[in-house]
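Below are the chains, spelled out letter by letter.
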Amino acid sequence: MSLYESILRPVAFNFDPEWVHEQAMKMIQKGVLRARPFDDERLHQNFFGATFRNPLGLAAGFDKNGVALNYWGQMGFGFVEMGTVTYYAQPGNDRPRMFRLPEDQGLINRLGFNNQGAQKAAMRIGEATPTVPVGINLGKSKATPIESAALDYQESFRLLHKLGDYFVVNVSSPNTPGLRTLQDKAPLLEIFAALREVDSTRPMFVKVAPDLEWSAIDDVLEVALEANLTGIVATNTTISREGLSRDPAQAGGLSGRPVREKSNAVLKYIAEHCGKDLMLIGVGGIINAEDVLTKIKLGAHLCQVYTGWIYGGPHMLPDIMSDLIGIMDRDGVTHISEYRGALLR
């Protein structure tokens, strides 16, 4: 058991999760927290002109305002997705709004897209010098009526479109009223049409919920084809409480280990039904190297972690990458991409 698992995490878990998150972000910004170096060319991949030195990135929601973009590479991440960014700055929902489930390695949040707004994000990203690719996750401002969502996303994108390596339209968070209705085909097509008016060249993804019916996922796949999207991020948090040791009776999205099977099922379905050119980012329930490898075998090109990193600690990324290389050596695999889609063949 590591020092983090045996001492630091138990102490940190005595305090409010959001307060601990804020203190950790301050330490990361100062370069105090960092992981031991690990790099192996067998994990390198190139997508849309960007080099990803390993397949595991930091999911949206952790660095909402892009305050630590220069430091995520030092933590071992292959890339980072900042945000969710909304056009208008907003405080999010009332506190407390984050709840740990240690017995299940899970987390419930109802943050509500708290962020400093697209204009501040653009200034901060423009001043940053990150060492890993940066994705930007876009959401709808709570103050914007749902019927004006496309324009709201468009105005954020207008400020940010030259600054990210890729962009993700987030229509799947359960914490903004009405947002998940934008996963329907017509409003989703309207959003991407509005973004394409600003810049038709940027890599674009849509992030989907793990709670969608298969028919709804089919609609998303049609949107991906019609809107010429780069890919899909699967998945966001779940509103289900199935499989928990106890239900804390808190509203919000559940992430971490409890969402793993649901997110993997959605990822598998998408991989089986999408074209070979659609890029997939698998997120949900990653705790160890086997979890990463499972998502890659289900068709993911890249993966992301959020809650698992809270439980795994600063050295989680190099530990996972080292374990991945060990598995590759055992299997006689020369590059991580050779595993892609293995469970679908």
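Relevant structure appears above.
It should be emphasised that the depicted structure is a prediction, and the values quoted were computed from it without experimental measurement.

J.: Would you take a moment to explain helix H8 (residues 289-297) for this structure?
T.: In an α-helix, one full turn covers 3.6 residues, which means residues spaced three or four apart are oriented alike. Residues of H8 that are buried: Ala289, Asp291, Val292, Leu293, Lys295 and Ile296. Where H8 is buried, its residues touch strand S3 (56-58), helix H7 (260-273), strand S12 (279-283), strand S13 (302-305) and helix H10 (316-331). Of the residues flanking the start of H8, the one acting as N-cap is Asn288, its side-chain oxygen 3.1 Å from the backbone nitrogen of Glu290. Phi turns positive, to about 120°, at Gly299, one or two residues after H8.

J.: Hey, could you run me through the packing of aromatic side chains in this one?
T.: The way to describe two aromatic rings as a pair is by their centre distance and the angle between their planes. Scanning all chains against the criterion turns up 18 aromatic pairs. Arranged with centres 5.3 Å apart and planes meeting at 65°, the rings of Phe77 and Trp309 form a pair that is edge-to-face. Here the residue Phe77 occupies a position in the loop between S3 and strand S4 (80-85), and Trp309 occupies one in helix H9 (residues 307-312), the gap between them amounting to 232 residues. By the burial criterion, Phe77 is buried, and Trp309 matches it. Taking the centre distance of 5.4 Å and the plane angle of 65° together, the rings of Tyr166 and Phe205 count as edge-to-face. Linking Tyr166 in strand S8 (residues 166-170) with Phe205 in strand S9 (residues 204-208), this pair joins segments that are 39 residues apart in sequence. Like Phe205, Tyr166 is buried.

J.: Sorry if this is basic, but what is going on with the state of the cysteines here?
T.: Between two cysteines, a covalent bond joining their sulfur atoms is known as a disulfide. Within the structure shown, the criterion is met by zero disulfides. Unpaired in terms of disulfides, Cys303 finds its nearest cysteine sulfur in Cys274, a separation of 15 Å.

J.: When you look at unusual backbone geometry in this model, what are you seeing that I'm missing?
T.: Residues apart from glycine generally show negative phi values, whereas peptide bonds are mostly found in trans. Here the amide bond leading from Gly83 into Thr84 is cis, since omega sits at 15°, within 30 degrees of zero. Here Thr84 is to be found in strand S4. The residue after Arg95, namely Pro96, is reached through a cis peptide bond having omega -5°. Among the secondary structure elements, Pro96 is positioned in the loop between S4 and strand S5 (98-101). The phi dihedral of Gln105 is positive, around 50°, even though this residue is not glycine.

J.: Teacher, can you tell me more about the pairing of S9 here?
T.: On a regular strand, one side chain projects to one face of the sheet and the next to the other, so that they alternate. Counting buried positions over the five residues of S9 gives five, a clear majority of the element. Across the two faces of S9 the burial is the same, with Met204, Val206 and Val208 and Phe205 and Lys207 all buried. Strand direction decides the pairing type here: S8 and S9, joined by four bridges, are parallel. Within the sheet, the bridge partner assigned to Val168 lies in S9 and is Phe205. Tracing the backbone out of S8, into helix H5 (residues 185-198) and back to the parallel element S9 gives a crossover that is right-handed. Relative to strand S10 (residues 231-234), S9 runs parallel, the two being bridged by four bridges. If you follow Val208 over to S10, its bridge partner there is Ala234. In this region the chain leaves S9, passes through helix H6 (residues 214-226) and returns to the parallel neighbour S10; the handedness of that crossover is right-handed.

J.: Before we go on, may I ask you to explain the sheet that holds strand S11 (residues 253-256) in this structure?
T.: Adjacent strands of a sheet pair through backbone hydrogen bonds, lying either parallel or antiparallel. One open sheet holds the three strands; their spatial order is S5-S6-S11, and the pairing between them is antiparallel. Across the chains shown, the open sheet's two edge strands, defined by having one partner strand only, are S5 and S11. Strand-to-strand twist of the sheet, defined as the mean angle between neighbouring strand axes without regard to direction, takes the value 20°. Direction of pairing for S5 relative to strand S6 (residues 106-109): antiparallel, over a ladder of four bridges. Paired with Leu101 across the strands is Gly106, a residue of S6.

J.: Would you mind showing me how to read the nonpolar core here?
T.: Note that soluble globular proteins tend to have their nonpolar side chains buried in a common cluster. Counting residues in each nonpolar core, the largest one holds 100 residues, and the members touching the most others are Trp72, Tyr153, Leu160, Phe192, Ile270 and Trp309. Residue contributions to this core peak at eight residues, all from H10. If near-sequence neighbours (up to four positions away) are discounted, Leu160 is found in contact with Val85, Ala118, Ala121, Ala122, Ile125, Ile136, Leu138 and Phe167. Among the nonpolar cores identified, the runner-up in size contains five residues, and Leu101, Ile108, Leu244 and Leu254 belong to it.

Rules and cut-offs
Residues numbered from 1 in each chain as written. Predicted model: local features only at pLDDT ≥ 70, side-chain atom pairs only at ≥ 80, totals over all residues. Heavy atoms only, no water. Buried < 20%, exposed > 50% of the residue type's maximum accessible area, 1.4 Å probe, protein only. Helix = DSSP H or I, 4+ residues; strand = E, 2+ residues; numbered from the N terminus. Contact = heavy atoms within 4.5 Å. Polar contact = N/O pair within 3.5 Å; in protein donor to acceptor, adjacent residues only side chain to side chain. Phe/Tyr/Trp six-rings, centres within 6.5 Å; stacked < 30°, edge-to-face > 60°. Disulfide = S-S within 2.5 Å. Pairing = 2+ DSSP bridges. Right-handed = clockwise from strand over helix to strand, strands pointing away. Axes fitted to C-alpha atoms, helices over the stretch in contact; angles between N-to-C directions. Core = buried A, V, L, I, M, F, W, Y, C linked by side-chain atoms within 4.5 Å.

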